[in-house]
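# A closer look at the structure
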2 protein chains.
Amino acid sequence: MALLICASDRDTSRLAARVAAMAPGVNVRNWPDIGQPEDIDFAVLWRQPPGLLPRLTGLKAVSSLGAGVEHLVNDPDLPEHLPLGRLAGPKLASDMAAYLVAQVLWHWKGLDRFAGQQSERRWQPWTPRHTPTIGLLGYGHLGQACARAFQALDLPVTAWTRSGQSIDDTVVHSGASGLATLAAQADYLICLLPLTDQTRGILNQRLFTTMKPDSVLISVGRGPHLIEADLAPALEQRRPALAILDVFDQEPLPADHPFWQHPQIRITPHCSAITRSDEAAELIVESYHRVRKGLPPLGLVKRERGY
Amino acid sequence: MALLICASDRDTSRLAARVAAMAPGVNVRNWPDIGQPEDIDFAVLWRQPPGLLPRLTGLKAVSSLGAGVEHLVNDPDLPEHLPLGRLAGPKLASDMAAYLVAQVLWHWKGLDRFAGQQSERRWQPWTPRHTPTIGLLGYGHLGQACARAFQALDLPVTAWTRSGQSIDDTVVHSGASGLATLAAQADYLICLLPLTDQTRGILNQRLFTTMKPDSVLISVGRGPHLIEADLAPALEQRRPALAILDVFDQEPLPADHPFWQHPQIRITPHCSAITRSDEAAELIVESYHRVRKGLPPLGLVKRERGY
C-alpha cells in the first residue's frame, strides 16, 4: 500500500516529505519516482501526466491536489466509479476571502487615488456614498467563507448557485432568471464557481448586458468561465466598468494578450488563493486515513454534477 | 425648546434639513442662525466657535457631531455636569473596519506589486506565507467592529485598552507592559484610541522600539496620538517598516511636511471613516428625543476618563 503525490507542473517533493513526516507509517511516493504502480492505493493528483492513471491498478480513491477537480473529472482514464476527493481546507477559503475582500474594499473605499495625491502633496478627502452589494456566483466552501467576511463588514451578499438551495440567511438565486436578477443588483459580481459543462463560458455577453452599470467583475474561479472576447465590448458599455481577473484561459497569460494593457482590466497572476503546503499535507494524511478505513476521501466530488 | 447643529469647519445645512425632515415637531437651528440662544436645550457641536457655549444657557445636554469628543471635553466653557454624548453608529464603525481591513489585506496579500507587473506584461505569482496578527489599540465601538471583520477572515486579533477588561473572546492587554507585549506580537498595529491626556503621544519612540520588526503601523484615531518627530527614525529601524496615516497634528497636512515624500509612509486625508449624514441625522433625532425625556444623550461620555 502506498500514497502517490503527483503534479506535473510543480515540484511536490517538499509536500511529500511533509506528508511522510506527519504519517510515519505511510509509504509516500513522489512522482515521477512512483515505484511499483500497483502498490498505490491512493493518489493525489494535479495535472496528472497522460498515461499515469491506467498504470495505477490498485487505486481505491483519488484526490485533486487543489480545490478544482476539472483535470480529473475530464480525464477519460479516471475509472468511472472511483471515489474522487479534493483538498479544500479552511485556510484556502480564508485566503480567498482575504483576496476578494481586499480587492472589493480597496476599490470601494477609493484607496487607489491617494498614492497619486500623496506624490503631489495634495489633501483631497474622498469617501464612498453608498454601501455596495456583493454578488457571489458559487456558494460552496469558498463562497460561504467570503460571504461571512463581507457580512462581518455589514456589506449585503447575494449568491447564485446551481441548486438555489439556501444555506444560511444569505439570499440564493438559481437559473437563468436568477442570474440576471443577481447581476442587476451586484456592485461587485464575483465568480467562484467550479468549472463544469454548465459553468464554462458563463461570464459572457448575455450576462454582461444584465450587469449593473459601473459594476465590477471579479473572476477567481477558472479561466474558461469567461468568454474572453466578450469582455472588451462589455467594458466599453461599463457593464462591468472594471474587471479584476486572477484566472485565464491560458496561464501564464501570454505576453501579447490584449488584457495586459486594457485600462479597465486589473490582472493578478492566479494567486488569489493557493493551497498551502501545511494545510495540504494535513488534508492528504486525513484523506488517506479515511480511504484506508474504507471511507470516501475528503471533499468527495459528485461526479455526475462535476464538482 | 430647540435643537442646534453647529460645526465651524463645514456646512451642516443639509444635515440640519435632514434632521428637520425626520422630526417635524422639532425646532432645528443651524449655526450661525441660532435664533434666541436660551431656547436651545440640546446642541450637537463640532469645533464649536469660542464664545458659543456660554450663550446657550438653556442646555440640558450636548453631543459631539462625531465619534471624538476632545473638542468638547477640553472646552473650558462646557459646564462641568452637563451630559455629553457622541454620534458613533454602526455605519461609522463598519466604514472604519472596511478601511482598516482594506489597508491590512492589500498590504498582506502584496497586491501593490501586481499593477507594476501588469504594465510590464509580467506574470509573477506571489502569496504570503504567514497569517498576520492584528493588534488593536482601543477596543470600543470601532475596535470591536474591526475585530469582528478581521476574525471573520480567520486573522487573530489582540487588543489593548485602558481597563484591560475582556469583552468577548479577544485577548485584551492593558498598562505599559501589556502595550509592549501587544506591540511585539502585532504584524499590524492599529491605533483606534480616543484622544485623552493618557493617550496623547502614545505612538512614540518607546513604543516603536518594542514593535515587531517589519511590522506596519496604522494611525486612524487622532493626529496627536503620534509623536511625529519619532516616526522617521523608527521607520529607519523598520519598527515599523511602514506607517499608514489617516490623521495628523495639523490637517490638512501642510504641503511642506516631510511625511508627504517619505517612501515608508502612506497618507490618506482623514477619510478612513466619516460620519455619514443619514446616520448622523438618525442619531441626532434619537439623542434629542432621549434628552427631552430626561435621559442621557446617545454615546454618553464619562467626562473623568475623557471619552
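Rules behind the numbers
- Residues numbered from 1 in each chain as written.
- Chains lettered and ligands numbered in written order.
- Predicted model: local features only at pLDDT ≥ 70, side-chain atom pairs only at ≥ 80, totals over all residues.
- Heavy atoms only, no water.
- Core = buried A, V, L, I, M, F, W, Y, C linked by side-chain atoms within 4.5 Å.
- Buried < 20%, exposed > 50% of the residue type's maximum accessible area, 1.4 Å probe, protein only.
- Contact = heavy atoms within 4.5 Å.
- Pairing = 2+ DSSP bridges.
- Helix = DSSP H or I, 4+ residues; strand = E, 2+ residues; numbered from the N terminus.
- Axes fitted to C-alpha atoms, helices over the stretch in contact; angles between N-to-C directions.
- Right-handed = clockwise from strand over helix to strand, strands pointing away.
- Least-squares fit on C-alpha atoms with pLDDT ≥ 70 in both.
- Salt bridge = Lys/Arg side-chain N within 4 Å of Asp/Glu carboxyl O.
- Parallel < 35°, antiparallel > 145°, perpendicular 65-115°, else oblique.
- Nonpolar A, V, L, I, M, F, W, Y, C, P; charged D, E, K, R; others polar.
- Domains from an automatic or database assignment.
- Buried area = accessible area lost by both parts, 1.4 Å probe.
- Polar contact = N/O pair within 3.5 Å; in protein donor to acceptor, adjacent residues only side chain to side chain.

## Considerations on the nonpolar core
One finds Leu-100, Phe-150 and Ile-190 of chain A together with Leu-100, Phe-150 and Ile-190 of chain B to be the most contacted residues of the largest nonpolar core, which totals 79 residues. In this structure, Phe-150 of chain B is in contact with Leu-100, Val-101, Val-104, Ile-134, Leu-155, Val-157 and Ile-190 of chain B, ignoring residues within four places of it in sequence.

## So, the sheet that holds strand β2 (residues 28-30) of chain B
All names here are of chain B. Overall, parallel pairing links the five strands, which are arranged β2-β1-β3-β4-β5 in an open sheet. Across the chains shown, the open sheet's two edge strands, defined by having one partner strand only, are β2 and β5 (84-85). With four bridges joining them, strand β3 (residues 40-46) and strand β4 (residues 61-64) adopt parallel strand pairing. By the bridge assignment, Phe-42 is partnered in β4 with Ala-61. Those strands touched by helix α1 (residues 13-22) are β1 (2-7) and β2, and its axis lies near 180° from that of β2. Those strands touched by helix α10 (residues 277-292) are β1, β3 and β4, and its axis lies near 145° from that of β3.

## With respect to the pairing of strand β7 (residues 157-160) of chain B
Residue and element names in this part refer to chain B. Neither face of β7 is left uncovered, since the one carrying Val-157 and Ala-159 and the one carrying Thr-158 and Trp-160 both have all their residues buried. Pairing analysis gives four bridges linking strand β6 (residues 134-137) to β7, with the strands arranged parallel. Among the inter-strand pairings, Leu-136 is bridged to a residue of β7, identified as Ala-159. Read as a crossover between parallel neighbours, the route from β6 over helix α6 (residues 141-152) to β7 is right-handed. In terms of strand pairing, β7 meets strand β8 (residues 171-173) through three bridges, oriented parallel. Looking across to β8, one finds that Ala-159 is bridged to Val-172.

## What about the relation of the copies chain A and chain B?
Overlay of chain A on chain B (RMSD 0.0 Å): rotation 180°, translation along the axis 0.0 Å. Considering both components of the superposition, the chain copies are consistent with a two-fold axis. Of every C-alpha in chain A, the one belonging to Ala-102 of chain A sits nearest the axis of rotation, 2.5 Å from it. A symmetric contact is evident, with 98% of the interface residues of chain A recurring at the interface of chain B.

## A short note on the pattern of salt bridges
All names here are of chain B. Inspection of every chain in the model, using the stated rule, returns 20 salt bridges over all chains. In this structure, Arg-29 engages Asp-39 in a salt bridge whose closest nitrogen and oxygen atoms are separated by 2.9 Å. One end of the pair, Arg-29, is in strand β2; the other, Asp-39, is in the loop between β2 and β3, with ten residues separating them in the sequence. Arg-29 sits in the buried class, given a relative accessible area of 11%.

## Thoughts on the packing of helix α6 (residues 141-152) of chain A against α6 of chain B
Running from N to C, α6 of chain A and α6 of chain B cross one another at 175°; their axes reach a closest spacing of 8 Å. Relative to α6 of chain B, α6 of chain A is oriented roughly antiparallel. Every residue of α6 of chain B that contacts α6 of chain A at Arg-148, Ala-149 and Ala-152 of chain A is listed here: Arg-148, Ala-149 and Ala-152 of chain B. Its residues placed into classes, the contact of α6 of chain A with α6 of chain B shows four nonpolar, no polar and two charged.

## Quick word on the domain arrangement of chain A
Accessible area lost upon the coming together of the parts is a frequently used measure of interface size. Residues and elements named next belong to chain A. Each assigned domain of chain A is listed with its residue range as follows: domain 1 (2-87 + 275-292) and domain 2 (90-267). One C-alpha centre belongs to domain 1, the other to domain 2; they are set 32 Å apart. A combined buried area of about 820 Å² lies between domain 1 and domain 2, and 41% of that area is made up of carbon and sulfur atoms. A per-residue breakdown of the area domain 1 buries against domain 2 is headed by Glu-70, Arg-276 and Glu-279, which together make up 57% of the total. At the surface where domain 1 touches domain 2, the tally comes to three salt bridges. Measuring nitrogen to oxygen at the nearest pair gives 3.0 Å for the salt bridge that ties Lys-91 to Asp-278.

## Notes on the interface of chain A and chain B
Taken residue by residue, the interface counts 55 residues in chain A and 54 residues in chain B. For the pair chain A and chain B, the two sides together bury roughly 4,400 Å², of which 64% comes from carbon and sulfur. Its largest share of buried area at the contact with chain B, chain A owes to Gln-118, Arg-121 and Trp-123 of chain A, together 20% of the area lost on that side. Here chain A is connected to chain B by zero salt bridges. On inspection of chain A and its partner chain B, the count reaches 14 residue pairs in polar contact (both at pLDDT 80 or more). Elements supplying a minimum of two residues to the side of chain A that touches chain B: α4 (90-108), α5 (112-119), α6 and β12 (265-267) of chain A. For the side of chain A that touches chain B, the element with the highest residue contribution is α4 of chain A, accounting for twelve residues. Grouping the amino acids of the side of chain A that touches chain B by side-chain chemistry returns 28 nonpolar, 15 polar and twelve charged.

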